[in-house]
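Here are the chains, one letter per residue:
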Amino acid sequence: MHFIITDAWLAKSRAVHLSGTRLVLALLGLAMLLTLLVALLYHWVFLKGAREGWPVVGTLVRLVVKDEIEQRDRYMRENIDAMARKLGEMQAKLVQLEALGERVSGLAGVNPAEIKAAPGRGGTLVSGRPITMEELRSTLTELDALTDQRADLLTLAESRLFDQRVRKMMVPTQHPVSSGPVGSAFGWRIDPFTGRSALHTGLDFQADTGTSILAAAGGVVVAQEPHPAYGNMVEVDHGNGLVTRYAHASRTLVRKGDLVKRGQKIAEVGSTGRSTGPHLHFEVLLDGIAQDPQKFLNAGAHLPGMASGRLAASTRR
């Protein structure tokens, strides 16, 4: 394309040649320039009309502002609804966490009121910038993850504490009779029938006929039978190789295969078998080898809750 430019004063002319590429670039530049001018003019007219209150422009401004406010309100409602759902989930998790904490504190022997007490806080006020919606959402997400982590830790602690408690309940540390002095201790003694030195494999508790005989720990009855030496006898297996034996009973109240719990009445004191009078012969065997029962009973006296449990059982009887 050729353009001829003529200067009337200087009587000169100049020819300009534009190729296809140059022509396209020139047209694009002209279009961009016109677009910029129109935008600037529209912006100037819009601002001036808004400031001076032109009827048409004022109506358009109100519509635009109303639409922006509605969009902002919709955004806020959506975020508030999302955070409300998140808070509801966290509230449910906190209730579950509180119940779990009470169970764990009960197993650990800790007063739940001490854990619930709010710690003291204070200090000078140093004002900061307002928290943004994104920061609030991020904080809620972190708290949610922290709550899940604490719930997992408490669940693990509850499992471990419960396992320890069960193990303690399966160790024969409960006194088999609520009262009564120990007649013969574990060890070597003069046999009351032969007058010779003999090993006494248990403890003899002096008690009247009919006195309750209690299971020293929870377990399974593995023997309930008359024995030439032990008389009416009951044996309870507590697991891990531990077995307790209760001998010379006047009457047995359990049968082989029964599950018994700590402190449960399983027989009554008597003088059956090789006996000189009413008493309970109590043995503890580990892998079939007789142990000193007094060591187990002494250990039970130092366990929390065992002494009070024994006192409560004595009171009920």
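For the structure given in this document, a descriptive report is provided here. (Residues numbered from 1 in each chain as written. Predicted model: local features only at pLDDT ≥ 70, side-chain atom pairs only at ≥ 80, totals over all residues. Heavy atoms only, no water.)

### Regarding a nonpolar patch on the surface
A cluster of nonpolar side chains, Leu30, Leu33, Leu34 and Leu37, forms an exposed patch at the surface whose accessible area comes to about 380 Å². Tracing the backbone through its elements, the reader meets Leu37 in helix α1 (residues 20-52). (Patch = residues over 30% accessible without salt bridge, like charges linked within 9 Å, V, L, I, M, F, W, Y side chains within 5 Å. Areas by Shrake-Rupley, 256 points an atom, 1.4 Å probe, with all protein chains shown as cover. Salt bridge = Lys/Arg side-chain N within 4 Å of Asp/Glu carboxyl O. Helix = DSSP H or I, 4+ residues; strand = E, 2+ residues; numbered from the N terminus.)

### With respect to unusual backbone geometry
At Asn240, a position not held by glycine, the phi torsion is positive, near 60 degrees. Note that Asn240 resides in the loop between β8 (231-239) and β9 (242-252). Unusually for a residue other than glycine, Asp287 sits at a positive phi of about 55 degrees. Locating Asp287 in the fold gives a position in the loop between β12 (279-286) and β13 (289-291).

### Topic: the side chain of Asp144
Among the structural elements, Asp144 can be located in helix α4 (residues 133-169). Judged by its relative accessible area of 12%, Asp144 falls in the buried class. Beyond its immediate stretch of four places on either side in the chain, Asp144 contacts Lys86, Met90 and Lys93. (Buried < 20%, exposed > 50% of the residue type's maximum accessible area, 1.4 Å probe, protein only. Contact = heavy atoms within 4.5 Å.)

### Re a negative patch on the surface
On the surface, Asp67, Glu68, Glu70 and Asp73 cluster together to form a negatively charged patch. The class of Asp67 is partly exposed, set by a relative accessible area of 38%. (Lys, Arg positive; Asp, Glu negative; His and termini not counted. Charge placed at Lys NZ, Arg CZ, Asp CG, Glu CD.)

### So, the pairing of strand β11 (residues 265-269)
The side chains of a regular strand alternate, first on one face of the sheet and then on the other. Burial analysis of β11 places four of its five residues in the buried class, which makes it a mostly covered element. As judged from the three bridges shared by strand β6 (residues 212-214) and β11, these two strands associate in the antiparallel manner. When the bridges of β11 are listed, Ser212 appears paired with Glu268. Direction of pairing for β9 relative to β11: antiparallel, over a ladder of three bridges. Considered in β11, the bridge of Thr252 is made with Ala267. (Pairing = 2+ DSSP bridges.)

### Quick word on the pattern of salt bridges
A complete count under the given rule lists six salt bridges for this structure. Across the pair Arg274 and Asp191 runs a salt bridge, and its minimum N-O distance is 2.9 Å. Here the residue Arg274 occupies a position in the loop between β11 and β12, and Asp191 occupies one in the loop between β3 (187-190) and β4 (197-200), the gap between them amounting to 83 residues. On the accessibility criterion, Asp191 (7% relative accessible area) is buried. The residue Arg245 makes a salt bridge to Glu283 at a minimum N-O spacing of 2.8 Å. Here Arg245 is found in strand β9, whereas its partner Glu283 is found in strand β12, with 38 residues between them in sequence. A relative accessible area of 14% places Arg245 in the buried class.

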